[in-house]
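Per-entry structural report
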Amino acid sequence: MRKILIVGSTGQIGSELSQKLRSVYGKDNVVCGHFAPPYPEGFFDAGPTVQVDATDKNQIAEAVKHYQIDTIYNLAAILSATAEKNPALGWNVGIGSLMNCLDVAKEYRCAVFTPSSIGAFGPDTPHTKTPQDTVQRPNTIYGITKVTGELLSDYYFQRWGVDTRSVRFPGLISSLTLPGGGTTDYAVEIYYKAVQGEKFTCPIQAGTFMDMMYMPDALDAAIQLMEADPSRLKHRNSFNVTAMSFDPEMLLKAIQKHLPGFGMTYEIDPLKQAIADSWPDSMDDSCAREEWDWNPQFDLDTMTADMINILKLKYGNTH
Ligand code: SER
């Protein structure tokens, strides 16, 4: 049975991954590393927690030693648009925490999962059916940290046998914890506005396609990859994974099937638009399908139905 430390467990991915990991491995085998509020409801009652500043290697090492950790999920990161406003912060959090996790993992023989992203691609990358192995010259600091992270993770595997694994997540849509400062955040925020009976102002232009995924599939991807038979893995850091690709108009129409009165206008955010334009329209994830049986369950319509149901329960909406 694994003993897992999640570094950055209170964010958009961590708050749901912690629950899922606890349901798979048992609640006491998953230690939630946290740094600062806000905390998800019931956070301190749901299982073991530990204060960990991801940029402080000693704190990670202490937690790993104390709880006899053998697997680290390293989720600490600053998302793309926020990182563009403070590149040093984006680098220090993204790479600082990864280097710390890798060094601690090397010393204590831990496996490490770190999310990469569609942000690891750039304007020169083929935008449709973006291959697994292709040009990676991102022009955002977020993307630069992701490519660096992929290379560092492969390096620690090749040089010291650290069991590093990673996926390039697309925009993740979820209902528990909001993302913050990401380019794909619009595809989460739109559901909150729709269910609360408000109009949505979209920062991304119609016709801008990006890969997306519903959180339950993202959680399965992370866990499935970490459990995959290593002898089947030709790649490690990092696998393309996607579940759907849509633009704001397709998303609007999918929501209007449930909430016909819902409306959207556009007010383009030039920073986010430029980032979105540099990312793939749709990735080819056949390597993940071949090497560890990746197979997402949700498409735009099934995700939309589920998101609206969950958010209606949360907000008691009658629209
Ligand atoms: N969701 C991230 C962002 O928009 C991309 O991985 O920054």
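A few words now on the pattern of salt bridges. One pass over the full model with this rule turns up 12 salt bridges. The salt bridge involving K57 is made with D103; its shortest N-O contact spans 3.5 Å. Linking K57 in helix α2 (residues 57-67) with D103 in helix α4 (residues 87-108), this pair joins segments that are 46 residues apart in sequence. For K57, a relative accessible area of 37% translates into the label partly exposed. Relative accessible area serves as the criterion here: at 22%, D103 is assigned to the partly exposed category. A salt bridge links K257 to D301, with the nearest nitrogen and oxygen atoms 3.2 Å apart. Linking K257 in the loop between α8 (248-256) and β15 (264-266) with D301 in helix α11 (residues 300-315), this pair joins segments that are 44 residues apart in sequence. On the accessibility criterion, K257 (58% relative accessible area) is exposed. Members of the salt-bridge network, linked through shared partners, are D163, R165 and R236.

Another point: the site of the ligand. The environment of the ligand is formed by L79, S80, S117, Y142, G182, T183, T184 and W279. One nitrogen or oxygen atom from the side chain of S117 is found 2.7 Å from an oxygen atom belonging to the ligand. Within the side chain of Y142, an N or O atom sits 3.0 Å from an oxygen atom of the ligand. Protein coverage of the free-state accessible area of the ligand, which is 240 Å², stands at 93%.

Okay, the pairing of strand β2 (residues 30-34) next. Within β2, five of the five residues are buried, leaving the element largely enclosed by the surrounding structure. Here β2 shows two buried faces, one formed by V30, C32 and H34 and the other by V31 and G33. As paired elements, strand β1 (residues 4-7) and β2 share four bridges and run parallel to each other. Among the inter-strand pairings, V7 is bridged to a residue of β2, identified as G33. As a crossover connection, the stretch from β1 through helix α1 (residues 14-25) into β2 is right-handed.

Scanning all chains against the criterion turns up two cavities of 30 Å³ or more. L98, T114, P115, T145 and K146 are the residues nearest the centre of the largest cavity, which is lined by 16 residues in total. For the lining of the largest cavity, the leading source of residues is helix α5 (residues 141-160), giving five residues. Within this model, the second largest cavity holds a volume of roughly 30 Å³. Lining the second largest cavity, in full, are A77, I78, A83, G90, G94, I141, Y142, T145 and K146. Every element with two or more residues in the lining of the second largest cavity is listed here: α4 and α5. Here the element with the most residues in the lining of the second largest cavity is α5; it accounts for four residues. The residue makeup of the lining of the second largest cavity, split by class, is five nonpolar, three polar and one charged.

About the cut-offs
Residues numbered from 1 in each chain as written. Predicted model: local features only at pLDDT ≥ 70, side-chain atom pairs only at ≥ 80, totals over all residues. Heavy atoms only, no water. Salt bridge = Lys/Arg side-chain N within 4 Å of Asp/Glu carboxyl O. Helix = DSSP H or I, 4+ residues; strand = E, 2+ residues; numbered from the N terminus. Buried < 20%, exposed > 50% of the residue type's maximum accessible area, 1.4 Å probe, protein only. Near = heavy atom within 4 Å. Polar contact = N/O pair within 3.5 Å; in protein donor to acceptor, adjacent residues only side chain to side chain. Areas by Shrake-Rupley, 256 points an atom, 1.4 Å probe, with all protein chains shown as cover. Pairing = 2+ DSSP bridges. Right-handed = clockwise from strand over helix to strand, strands pointing away. 1 Å grid on protein atoms, 1.4 Å probe; cavity = no way out; pocket = protein on both sides within 12 Å on 5 of 7 lines; lining within 4 Å. Points joined across faces, edges and corners; volume = space filled by probe spheres on them. Nonpolar A, V, L, I, M, F, W, Y, C, P; charged D, E, K, R; others polar.

Note that every value here comes from positions in space, so none of it alone points to a role or purpose.
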